[in-house]
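This is what each chain is made of:
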Amino acid sequence: MRDTLVLNASFEPLSTVTLNRAVVLVLQDKAVVEQEHPRLRMRAAAVELPVPRVIRLCRYVRVPFRRQAPWSRRGVLVRDRHRCAYCGRRATTVDHVVPRAQGGGDNWLNTVASCAEDNHRKADRTPEQAGMPLLYEPFIPSPADAMLLALAGRDRAALPDWLSSAAA
Ligand SMILES: [Zn+2]
């Protein structure tokens, strides 16, 4: 399915997101449909929806556009969907892949979501030293991810649920 264009509240184009994410943003009242597919409809449970081609955010969002999203612990958890990079279970902490004690920094490529047990077990070691290989490589969030993080920043309590369902 084609991606959906996202406009800021000011109508400036911001990014594109997957159709799933677009629909969740609309259902969460975070965006309105500006343009729909003329012929397509989608059905979810008892609800019938237009298939959005363009949505517009209800509130203006300041986005670090064309720039890397600022690193944050919360951002790492969101990027990794609260899944531990070492065992895949629910993560509540952020681990430095190369520990700070060995010169590793606070940045997107050196941090992953981790469950508290694995974080404790790995301690001040690299994955190789600890014999704990990463299940996925950390990455720098795309502009679309940065937009979702910026949006989520305004509504912290609501974040994990809608973002994880949007990412499904
Ligand atoms: Zn774990």
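Rules of the game
Residues numbered from 1 in each chain as written. Predicted model: local features only at pLDDT ≥ 70, side-chain atom pairs only at ≥ 80, totals over all residues. Heavy atoms only, no water. Salt bridge = Lys/Arg side-chain N within 4 Å of Asp/Glu carboxyl O. Helix = DSSP H or I, 4+ residues; strand = E, 2+ residues; numbered from the N terminus. Buried < 20%, exposed > 50% of the residue type's maximum accessible area, 1.4 Å probe, protein only. pLDDT = per-residue confidence, 0-100. Contact = heavy atoms within 4.5 Å.

Describing the pattern of salt bridges
Opposite charge on two side chains makes pairing possible when the charged atoms of those side chains draw close. Scanning the entire structure with this criterion turns up 6 salt bridges. Among the salt bridges present, the one from Arg 56 reaches Glu 34, with a minimum N-O distance of 2.5 Å. One end of the pair, Arg 56, is in strand 4 (residues 47-57); the other, Glu 34, is in strand 3 (residues 31-44), and 22 residues separate them in sequence. On the accessibility criterion, Glu 34 (35% relative accessible area) is partly exposed. Two residues, Glu 117 and Arg 89, come together in a salt bridge whose shortest N-O distance is 3.3 Å. Of the two residues, Glu 117 is situated in helix 3 (residues 116-122) and Arg 89 in the loop between helix 2 (73-79) and strand 5 (93-96); the sequence distance between them amounts to 28 residues.

Quick word on the confidence of the model for the protein
Across the protein, pLDDT averages 79, with 78% of residues at or above 70. For residues 155-168, every residue scores under 50 in pLDDT, and the model assigns this stretch 23 contacts once sequence neighbours within four places are set aside.

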